[in-house]
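# Architecture and fold: a report
Chain by chain, the residues:
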Amino acid sequence: MKKKLISRRILLNSSLFVMLFGFAVAVFYPVVRFLWPPRDAGSGGSQTIFIPLNELGVGDAKMLRFQGTAIVVVRKENSVYALSAVCTHLGCIVKWERENNRLFCPCHAAIFDLNGNVLGGPAPRPLPTFQAKIVGGRIVVGDA
Ligand code: FES
């Protein structure tokens, strides 16, 4: 009969240690992330976003985070639009409606065009827009 290489006590202690360590990580990781958020969270954030053209088809939209806020980038045939995705009424996230060629807020039915103008609903102001252009094979949002 072979001799046991590891005793039951060592195995149980090791298992208990691994479980306690995993529990401690699961508890403290969110607390640490809350106390020390990533640098680009908040009002700063990236000044320029590059999106490969093949990632966004004509008529499609992409939701991104830019300068600390949610934005929606919409590609048309020869142009591209970047707007805040935060509704100016009460702050819900607007959705791109390709079939209607508009941005729609599902909360109280505000409607915006691609320039951010209010077409309907309770939104008091247009959506803020951001500089966006197609350069080479990429969509560039921001300063570049
Ligand atoms: Fe968008 Fe009210 S939050 S219409």
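Residues numbered from 1 in each chain as written. Predicted model: local features only at pLDDT ≥ 70, side-chain atom pairs only at ≥ 80, totals over all residues. Heavy atoms only, no water.

Our next topic: the overall build of the protein. Helices and strands together make up the secondary structure of the protein, namely one helix and 11 strands. Helices and strands in the protein line up, N terminus first, as α-β-β-β-β-β-β-β-β-β-β-β. Within the protein, the fraction of its 144 residues that count as buried is 27%. Within the protein, counting contacts between residues at least 6 apart in sequence, those at least 24 apart form 41% of the total. Summed over all atoms, the accessible surface of the protein reaches about 9,700 Å², with 60% contributed by carbon and sulfur. (Helix = DSSP H or I, 4+ residues; strand = E, 2+ residues; numbered from the N terminus. Buried < 20%, exposed > 50% of the residue type's maximum accessible area, 1.4 Å probe, protein only. Contact = heavy atoms within 4.5 Å. Areas by Shrake-Rupley, 256 points an atom, 1.4 Å probe, with all protein chains shown as cover.)

Taken together, the side chains of F23, V27, F28, V31, V32, F34, L35 and W36 present a nonpolar region at the surface, about 900 Å² in accessible area. Take F34: it is sitting in helix 1 (residues 8-35). (Patch = residues over 30% accessible without salt bridge, like charges linked within 9 Å, V, L, I, M, F, W, Y side chains within 5 Å. Salt bridge = Lys/Arg side-chain N within 4 Å of Asp/Glu carboxyl O.)

A general tendency of soluble globular proteins is for nonpolar side chains to be buried together. Grouped together as the largest cluster of nonpolar side chains are 16 residues, with contacts concentrated most on V94, L103 and F112. Of the residues forming this core, the biggest block, three residues, is contributed by strand 3 (residues 69-75). In this structure, I51, L64, I71 and V80 belong to the second largest nonpolar core, which totals 12 residues. (Core = buried A, V, L, I, M, F, W, Y, C linked by side-chain atoms within 4.5 Å.)

In short, geometric facts, not functional conclusions.
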